[in-house]
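# Structural characterization, general
For reference, the chains in residue letters:
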Amino acid sequence: MSVSVILTCHNEERFIVQAVESVINQTASSRIKEIIIVNDGSTDGSAEVIAALARREPRVHVLTTAGIGLSSARNLAIRHAAGDLIAILDGDDLWAEDKLERQLAIFDNGCKAGLIYGDFVDFSAPDLSDALHVAVRRYRAGQCDTLPTYFLLDGPIIPSSMVMRREMVEDIGLFNEAFRAGEDTEFCMRAAERWTFQHVADALVYKRRHGSNITRRLDTLLPVAEGLTREWVMRRPELAHLARRRNARFYGKAGNDCVAQGEKKLGARLLIRAMRHDPLSWRVYVYFFLCALPRGMDPQVRRAAKLLFYRALRKDFADGS
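Here the structure is a predicted model, which is why all the values come from computation and not from measurement. Residue positions are given per chain, counted from 1 along the sequence in the order it is written. Per-residue local features of the predicted model are confined to residues with pLDDT of at least 70, and side-chain atom pairs are confined, for both listing and counting, to 80 or more; whole-chain, interface and lining totals are unaffected and use all residues. Side-chain metrics rest on all non-hydrogen atoms present in the structure, leaving aside hydrogens and water.

### Some words on the overall build of the chain
Helix and strand counts for the chain come out as twelve helices and nine strands. Burial classes follow relative accessibility: with a 1.4 Å probe on protein chains only, a residue under 20% of its type's maximum area counts as buried, one over 50% as exposed, and anything between as partly exposed. For the chain, with 321 residues in total, the buried portion stands at 53%. The contact rule is simple, with two residues in contact once any of their heavy atoms fall within 4.5 Å. Of the contacts made within the chain by residues no fewer than 6 positions apart, 76% connect residues no fewer than 24 positions apart. In these tables, accessible area is a Shrake-Rupley quantity obtained with a 1.4 Å probe, and a residue counts as shielded only by the protein chains included in the view. Accessible area of the chain: about 14500 Å², with a carbon and sulfur share of 54%. Only DSSP runs of H or I reaching four residues or more are called helices, and only runs of E reaching two or more are called strands; each is numbered from the N terminus.

### Some words on unusual backbone geometry
For residues that are not glycine, phi is negative in most cases, and the peptide bond is trans in most cases. The phi dihedral of Asn11 is positive, around 55°, even though this residue is not glycine. Among the secondary structure elements, Asn11 is positioned in the loop between β1 (3-9) and α1 (16-24). Residue Asn11 is classed as partly exposed on the basis of its relative accessible area, which comes to 31%. Within the chain, Asp202 stands out as a residue other than glycine whose phi angle is a positive 80°. Note on placement: Asp202 falls in strand β9 (residues 197-208).

### A closer look at the pattern of salt bridges
A carboxyl oxygen of Asp or Glu within 4 Å of a side-chain nitrogen of Lys or Arg is what we treat as a salt bridge. Counted according to the given criterion, the structure contains 14 salt bridges. For Glu186, the salt bridge goes to Arg190, with nearest N and O atoms at 2.9 Å. In this pair, Glu186 and Arg190 are both assigned in helix α7 (residues 183-194), four residues apart and thus about one turn of the helix distant. We note that Glu186, like Arg190, is buried. A salt bridge links Glu238 to Arg236, with the shortest nitrogen-to-oxygen separation between them at 2.6 Å. When salt bridges with common partners are traced through the structure, they connect Glu193, Arg235, Arg236 and Glu238 into a single cluster.

### Examining the side chain of Asp93
Its location among the elements puts Asp93 in the loop between β4 (85-90) and β5 (94-95). Put simply, Asp93 is tucked away with no salt bridge, and the nearest opposite charge, on Lys207, sits 4.2 Å away. Side chain to side chain, Asp93 and Ser160 meet in a polar contact 2.8 Å long. Of note is the side chain of Asp93, whose polar atom sits 3.3 Å from the backbone nitrogen of Arg208. Asp and Glu are treated as the negative residues and Lys and Arg as the positive ones, with His and the ends of the chain left uncounted. Here a polar contact means two N or O atoms within 3.5 Å. Within protein one must be a hydrogen donor candidate and the other an acceptor candidate, and residues neighboring in sequence count only if both atoms are side-chain atoms.

### Points about the nonpolar core
Proteins that are soluble and globular tend to have nonpolar side chains buried together. In plain words, nonpolar cores are sets of buried Ala, Val, Leu, Ile, Met, Phe, Trp, Tyr and Cys residues tied together by side-chain atoms within 4.5 Å. Counting 70 residues, the largest nonpolar core has Ile157, Met164 and Phe197 as its most contacted members. Setting aside residues up to four positions removed in sequence, Ile157 forms contacts with Leu115, Tyr117, Val136, Tyr139, Tyr150, Met162, Asp184, Cys188 and Phe197. Counting residues in hydrophobic clusters, the runner-up holds nine residues, among them Leu222, Phe250, Tyr251 and Val284.

### Considerations on the pairing of strand β3 (residues 60-65)
Residues in a regular strand project their side chains so that they alternate between the two faces of the sheet. With six bridges connecting them, strand β2 (residues 32-40) and β3 associate as parallel partners. Paired with Asp40 across the two strands is Thr65, which belongs to β3. Handedness of the β2-helix α2 (residues 46-56)-β3 crossover: right-handed. Should DSSP find at least two bridges between two strands, the strands are regarded as paired. Handedness of a crossover is defined as follows: with both strands directed away from the viewer, a clockwise route from the first strand across the helix to the second makes it right-handed.

### Notes on the packing of aromatic side chains
Here the aromatic set is Phe, Tyr and Trp, taking the six-membered ring for Trp, and pairing holds for ring centres within 6.5 Å; pairs whose planes are under 30 degrees apart are stacked, those over 60 apart are edge-to-face, and all others are tilted. Tallying each qualifying case throughout the model produces six aromatic pairs. The interplanar angle of 20° and the centroid separation of 4.3 Å between the aromatic rings of Phe175 and Phe187 together place this pair among those described as stacked. Here Phe187 lies in helix α7 and Phe175 lies in the loop between α6 (166-172) and α7, a separation of twelve residues in the sequence. Residues Phe175 and Phe187 agree in their burial class; the two are buried.

### A short note on α7
The span you would expect from a helix comes to 1.5 Å times its residue count less one. Relative to the 16 Å expected for twelve residues at 1.5 Å per residue, α7 spans 18 Å between its end C-alpha atoms, a close match to the ideal helical length. Burial of α7 is extensive: ten of the twelve residues sit out of reach of the surface. For α7, the full list of buried residues reads Glu183, Asp184, Thr185, Glu186, Phe187, Cys188, Met189, Arg190, Ala191 and Ala192.

### So, the packing of α7 against helix α8 (residues 222-235)
Running from N to C, α7 and α8 cross one another at 20°; their axes reach a closest spacing of 11 Å. In terms of orientation, α7 lies roughly parallel with respect to α8. In this structure, α7 crosses over α8, and the sense of that crossing is right-handed. Along the contact surface, α7 presents Thr185, Glu186, Met189, Arg190 and Glu193, while α8 presents Leu228, Glu231, Trp232 and Arg235. Among the residues forming the contact of α7 with α8, the class breakdown is three nonpolar, one polar and five charged. Between the N-to-C directions of two axes lies an angle of 0 to 180 degrees, each axis being a line fitted to C-alpha atoms and, for a helix, fitted only over the stretch in contact. Orientation labels follow simple angle bins: below 35 degrees gives roughly parallel, above 145 gives roughly antiparallel, 65 to 115 gives roughly perpendicular, and whatever is left gives oblique. Crossings are assigned a handedness: left-handed for a near helix turned anticlockwise from the far helix by less than a right angle, right-handed for a clockwise turn. Charged means Asp, Glu, Lys or Arg here, nonpolar means Ala, Val, Leu, Ile, Met, Phe, Trp, Tyr, Cys or Pro, and polar covers whatever is left, Gly included.

### Describing the pairing of β9
Burial analysis of β9 places nine of its twelve residues in the buried class, the great majority of the element. Note that β5 and β9 share two bridges and pair antiparallel. In the strand pairing of β9, Trp95 is matched with Val205. By the bridge criterion, nine bridges tie strand β6 (residues 115-123) to β9 in an arrangement that is parallel. When the bridges of β9 are listed, Asp119 appears paired with Ala203.

Here you go:
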């Protein structure tokens, strides 16, 4: 099975070379049929950098668009893709060297999942000194509750970690171009409705955080999250009993994020809304504890709590819970 790699770029001159090189240097590089780069209206030096990459690597094909947006750029590349499998990489992220090798081995062994993904490393420092392994819920190809579990617990199945069957994309449709954020969640909802997912252990992607990230403010994504909740309850009424718990998770995460950015009053209001949605959520009370910490010690305690939290998740997932 051959792979078409889709890489989107918008003003990521600083990062695009690293991103493309992380694809070219894959241990399974021979399985990559093409690397389609969509330069979506970049106004920095990205166009020149991408052109130089295309001259150096014959598998690189460049599509230039005028700021059509992430979903539209991905869809354009998917329409041009010729591989049996489609892998996505955002222009500011990096792949671990053996990412494709590990995912393709699962497909080669007969896995029927439509989408294979893995954990990721969250970082912002160039030397990875602040790198944090983020554990992602471990879906399995053989489970029968992919949709309700994903509806309740959501991602983060980040696009840069995905390798998916062309057949699945043709079945469920492309990314919804009406979404400027949350398009990956909406896409995975439709995928979970008809297909299963398979998790690969360990981190496959390095996800870079910087000032231009769409997800840099989680509170701004709450209308999208609540809209998806309403849409899917109407589409699949059997999910209705999970709606309040789903919304509570989003309010809790957004409140925690606001507190981490120093906006404790806004964070506390969002956490109260989370508690009203789901008074039994232990996560909300952990977030309230972090909110109450003195400002001077908060970052250190928050990072330690994150490390313990994701370590516990990885252990739970490894035990099959």
